[in-house]
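# Close look at the chain arrangement
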Amino acid sequence: MLMPSRVKYRKQQRGRLKGRSKGALTLAFGDYGIQALEPCYLTARQIEAVRLILTRAIRKGGKLWIRVFPDKPMTKKPAETRMGKGKGNPEEWVAPVKPGRIMFEMVGLDRKTAEEVVRLASSKLPIKTKFVYREE
């Protein structure tokens, strides 16, 4: 699963997912993509689930770009622990995603197949998404 090899600080503050994405608003590499319509924290497991579906569909003929990376640690306190005694330990890695961000791009499929594959992949994500394609 995706995670950074090394981070400067073990624990991060949560932050806010307010507003639209600053970058990655248009297709940069592929012909088809999945664009986020809602804010969320995408876990490494969710990114991996989508990657598996897309790579199976593309096979050897195409290429896939994953434009989100889980570099934010999410902490969790152990079950049945009293309040206080500091912040919990990092449990999973997440990628903060804001509305408008292109999360995945691909090339090497026809449009009809790409739409179907994106529909399957989007069902693995916790947010509403949109199929985007390059205008000819």
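Everything quoted here is computed from the prediction, not taken from an experiment. Within each chain, residue numbers correspond to sequence positions counted from 1 in written order. Residue-level local features of this predicted model are given only where pLDDT is at least 70; pairs of side-chain atoms are given and counted only at 80 or more, and the full residue set underlies all totals for whole chains, interfaces and linings. Values shown for side chains rest on all heavy atoms present in the structure; no hydrogens or waters enter the calculation.

### With respect to the pattern of salt bridges
Counted as salt bridges are all cases of a side-chain nitrogen of Lys or Arg within 4 Å of a carboxyl oxygen of Asp or Glu. In the structure shown here, the tally under the stated rule is five salt bridges. In this structure, D31 and R134 form a salt bridge, with 3.6 Å as the shortest nitrogen-oxygen distance. Here D31 is found in the segment before β1 (32-36), whereas its partner R134 is found in the segment after β7 (129-133), with 103 residues between them in sequence. The classification of residues rests on relative accessible area computed with a 1.4 Å probe and restricted to protein chains. Under 20% of the type maximum is buried, over 50% is exposed, and intermediate values are partly exposed. For D31, a relative accessible area of 32% puts it in the partly exposed group. By the criteria applied, helices consist of DSSP H or I runs no shorter than four residues and strands consist of E runs no shorter than two, each listed in order from the N terminus.

### Regarding the packing of aromatic side chains
Pairs were defined over the aromatic rings of Phe, Tyr and Trp, the Trp ring being its six-membered one, requiring ring centres within 6.5 Å. Orientation was assigned from the angle between planes: stacked under 30 degrees, edge-to-face over 60, tilted for the rest. In the structure shown here, the tally under the stated rule is three aromatic pairs. Aromatic side chains Y32 and F131 sit 5.8 Å apart centroid to centroid with 20° between the ring planes, which places their arrangement in the stacked category. Placement of the pair is Y32 in strand β1 and F131 in strand β7, with a sequence separation of 99 residues. Neither residue differs from the other here; Y32 and F131 are each classed as buried. Through a chain of ring-to-ring contacts, the aromatic side chains of Y32, F131 and Y133 assemble into a single cluster.

### Comments concerning the sheet that holds β7
Adjacent strands of a sheet pair through backbone hydrogen bonds, lying either parallel or antiparallel. One open sheet holds the four strands; their spatial order is β3-β6-β1-β7, and the pairing between them is antiparallel. Strands with a single pairing partner mark the edges of an open sheet, and in this sheet they are β3 (63-66) and β7. Across the sheet, the mean angle from the axis of one strand to that of its neighbour is 15°, orientation sign disregarded. As defined by bridge partners, β1 adjoins strand β6 (residues 102-107) across four bridges and the pair is classed as antiparallel. Counterpart to I34 in the pairing with β6 is F104. Whether two residues are in contact is decided by their heavy atoms: any pair within 4.5 Å suffices. Angles here are taken between N-to-C directions and fall from 0 to 180 degrees, while the axes themselves are lines fitted to C-alpha atoms, restricted in helices to the stretch in contact. Sheet strands touched by helix α1 (residues 44-58): β1, β3 and β6. Its angle to β3, the strand with the most contacts, is close to 165°. The pairing criterion is simple: DSSP has to find at least two bridges between the two strands.

### Details of the environment of S122
Of note, S122 is situated in helix α2 (residues 111-122). The spatial distance from the C-alpha of S122 to the C-alpha of G19 is 22 Å, given a sequence separation of 103 residues. Beyond its immediate sequence surroundings of up to four residues, S122 is in contact with I34 and T129. The definition of a polar contact used here is a pair of N or O atoms within 3.5 Å, where within protein one atom must be able to donate a hydrogen and the other to accept one, and adjacent residues in sequence count solely through side-chain atom pairs. In terms of polar contacts, S122 uses its side chain to reach the backbone carbonyl oxygen of V118, at 2.8 Å.

### Remarks on the side chain of Q35
The topology assignment puts Q35 in strand β1. Residue Q35 is classed as buried on the basis of its relative accessible area of 10%. Side-chain polar atoms of Q35 contact the backbone oxygen of G100, separated by 2.9 Å. Leaving out residues up to four positions away in the same chain, Q35 has contacts with L25, G100, R101, I102, M103, K128, T129, K130 and V132.

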